[in-house]
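# Working through the structure, step by step
For reference, the chains in residue letters:
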Amino acid sequence: MSSKSTAPASQPATGSAAARPPAAASSTSTTAPSPASTDAAAAAPTTPAKKLPTCVLLVGMAGSGKTSVMQRMNAHLLTTKQRPYIVNLDPAVTHVPYAPNIDIRDTVKYAEVMKQYQLGPNGAILTSLNLFTTKFDQVLDLLEKRQDSVDYILIDTPGQIEVFTWSASGSIITDSLAATYPTVVAFVVDTPRSASPATFMSNMLYACSILYRTRLPFVVLFNKSDVTDPAFAIEWMRDFEAFQSALHASDHSDHEPPYMHSLVQSMSLVLDEFYSILDPVSFSAVTGLGAPALFEAFGRARDEYFKEYKPELERLIQEREKRQKDQRQRQMEKLMRDIKLEEAQGTGTEKGQVGAGADAGAGSAGQEQSKGKGKAKPRK
Ligand SMILES: Nc1nc2c(ncn2[C@@H]2O[C@H](COP(=O)(O)OP(=O)(O)OP(=O)(O)O)[C@@H](O)[C@H]2O)c(=O)[nH]1
């Protein structure tokens, strides 16, 4: 079962265009003119207007296997006669084993960003992502042109997970995509590295924070199942007692400080409810095991997007529009009140002038006021 998303995370965008950041007026020396598209999909014959492609945002800790998973998903889609459209958002990756349709590296030169802004690796990734986000409207335009001829939009994100999930540019990208396309977050977990209850819990806390941030349908992809069977992790998610026993056992073996035990225990209680809304999938990017199950999970997540996220997004948009309308109405009423007040306070002369001809009266009243400035005329 995929996650029950509650509400779109941030202020809704009224359609993709509204969600788009303004296009950059000019490119810096570190950037190329615009996101380039190699458009392998462009070569595919365009089918008549059809359902929107599912957008999969691949996130996960560094080394969890995102790029390898992307390659495997791409291969699975091609062998099952479905059409992927791949976007690479990792500016620092040196090699990708697939042909991205849109690649951040064609637009932003990571090494030059590092040099020009004198940044470290993480700062340069964030700045590169920020620079690219200023042109994300062009990416949306490209997607819009291709949306009838692709089935999946696959987005690879930087290994420095927080750079994407907790940055403003990451939110803008996620919200703009989710405003238009059924969007799913696929959280890649390195299963062999999550075998200890404490590491597993850290991963799940991360997953929880991403779900909290995006509120999008969520699939947990336990990768590297060829090395370690993720059955233990799935059992921990489904059976609180099993996790507690594993925790107790590791407590004796791991020499962790005493506070860790109570901390992990309290957090596991909190996470228990969170697990019930996750859709875990066992997967191997190397063997391809679990690919059909993964795409079935994406299908469930897609349904959930339309059932829960999209109506909530539309409700928020309507709410915002109503707020704006009400505000305009209040301003108009205030203006009308002020006008009436001015009229009520107006002198008889002014009324007489309006009666004599509004335009001329207003003009002469104005002239008179300006003529009379500074001269206190005694009233008769
Ligand atoms: N055995 C096995 N190894 C895998 C699997 N998936 C990825 N790997 C290996 O894990 C390492 C990291 O894989 P990547 O695909 O580069 O991981 P990533 O998350 O994109 O890495 P960053 O870009 O640094 O975040 C590589 O050595 C892969 O060959 C898998 O399913 N099984």
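Residues numbered from 1 in each chain as written. Predicted model: local features only at pLDDT ≥ 70, side-chain atom pairs only at ≥ 80, totals over all residues. Heavy atoms only, no water.

As recorded by an unreviewed UniProt entry, the protein chain carries the name GPN-loop GTPase and is attributed to Allomyces macrogynus. Per UniProt, the protein chain carries the Subunit (unreviewed entry) text "Binds to RNA polymerase II." Within the UniProt record for the protein chain, the comment given under Sequence similarities (unreviewed entry) is "Belongs to the GPN-loop GTPase family." (UniProt positions renumbered as here; feature names shortened; annotations may be inferred.)

Attention now goes to the sheet that holds strand S2 (residues 84-88). Read across the open sheet, the seven strands follow the order S3-S2-S4-S1-S5-S6-S7; overall the sheet is parallel. Of all the strands in the sheet, the pair left with one neighbour each is strand S3 (102-103) and strand S7 (279-282). Bridge count for strand S1 (residues 54-60) against strand S5 (residues 183-190) is six bridges, and the pairing is parallel. Residue pairing for S5: Leu57 is matched across the bridge by Val185. Across the face of the sheet, helix H9 (residues 197-214) comes into contact with S1, S5 and strand S6 (218-223) while running at roughly 165 degrees to S5. (Pairing = 2+ DSSP bridges. Helix = DSSP H or I, 4+ residues; strand = E, 2+ residues; numbered from the N terminus. Contact = heavy atoms within 4.5 Å. Axes fitted to C-alpha atoms, helices over the stretch in contact; angles between N-to-C directions.)

Take the packing of aromatic side chains next. Aromatic rings in a pair are described by how distant their centres are and how their planes are angled relative to each other. In total, this model carries 13 aromatic pairs according to the counting rule given. Ring plane angle 80 degrees and centroid distance 5.5 Å describe the contact between Trp236 and Phe243, whose orientation is recorded as edge-to-face. No difference in accessibility class separates Trp236 from Phe243, as the two residues are buried. A ring pair is formed by Phe295 and Phe298, whose centres lie 5.3 Å apart and whose planes are at 85 degrees; its orientation type is edge-to-face. Note that Phe295 and Phe298 are positioned in helix H13 (residues 291-345) at a spacing of three residues, about one turn of the helix. (Phe/Tyr/Trp six-rings, centres within 6.5 Å; stacked < 30°, edge-to-face > 60°. Buried < 20%, exposed > 50% of the residue type's maximum accessible area, 1.4 Å probe, protein only.)

Turning to the site of the ligand, a few remarks are in order. Every one of the 17 residues lining the ligand counts as a neighbour, but Lys66, Thr67, Ser68, Asp226 and Ala285 are closest to it. Between an oxygen atom of the ligand and a main-chain N or O atom of Ala285, the distance comes to 2.8 Å. Within the complex, 66% of the 650 Å² of free accessible area of the ligand lies under protein. Element by element, the count of residues in the shell around the ligand is highest for helix H2 (residues 66-79), at three residues. (Near = heavy atom within 4 Å. Polar contact = N/O pair within 3.5 Å; in protein donor to acceptor, adjacent residues only side chain to side chain. Areas by Shrake-Rupley, 256 points an atom, 1.4 Å probe, with all protein chains shown as cover.)

Turning our eyes to something else, we now look at the pattern of salt bridges. Considering all chains together, one arrives at nine salt bridges under this definition. Between Asp279 and Arg300 there is a salt bridge, and its shortest N-O distance comes to 3.0 Å. Of the two residues, Asp279 is situated in strand S7 and Arg300 in helix H13; the sequence distance between them amounts to 21 residues. In this structure, the salt-bridge partner of Glu312 is Arg315, at a minimum N-O distance of 2.6 Å. Within this pair, Glu312 and its partner Arg315 are both found in helix H13, separated by three residues, close to a single helical turn. Classification of Glu312 by relative accessible area gives buried; the value is 16%. We classify Arg315 as partly exposed; its relative accessible area is 38%. Where salt bridges share partners, they join Asp190, Arg193 and Lys224 into one cluster. (Salt bridge = Lys/Arg side-chain N within 4 Å of Asp/Glu carboxyl O.)

With respect to the helices, strands and loops of the structure, Asn88 is situated in strand S2. A polar side-chain atom of Asn88 sits 2.9 Å from a polar atom in the side chain of Asp103. Other than its neighbours up to four places away in sequence, Asn88 contacts Val93, Tyr98, Pro100, Ile102, Asp103, Ile104, Arg105 and Asp156.

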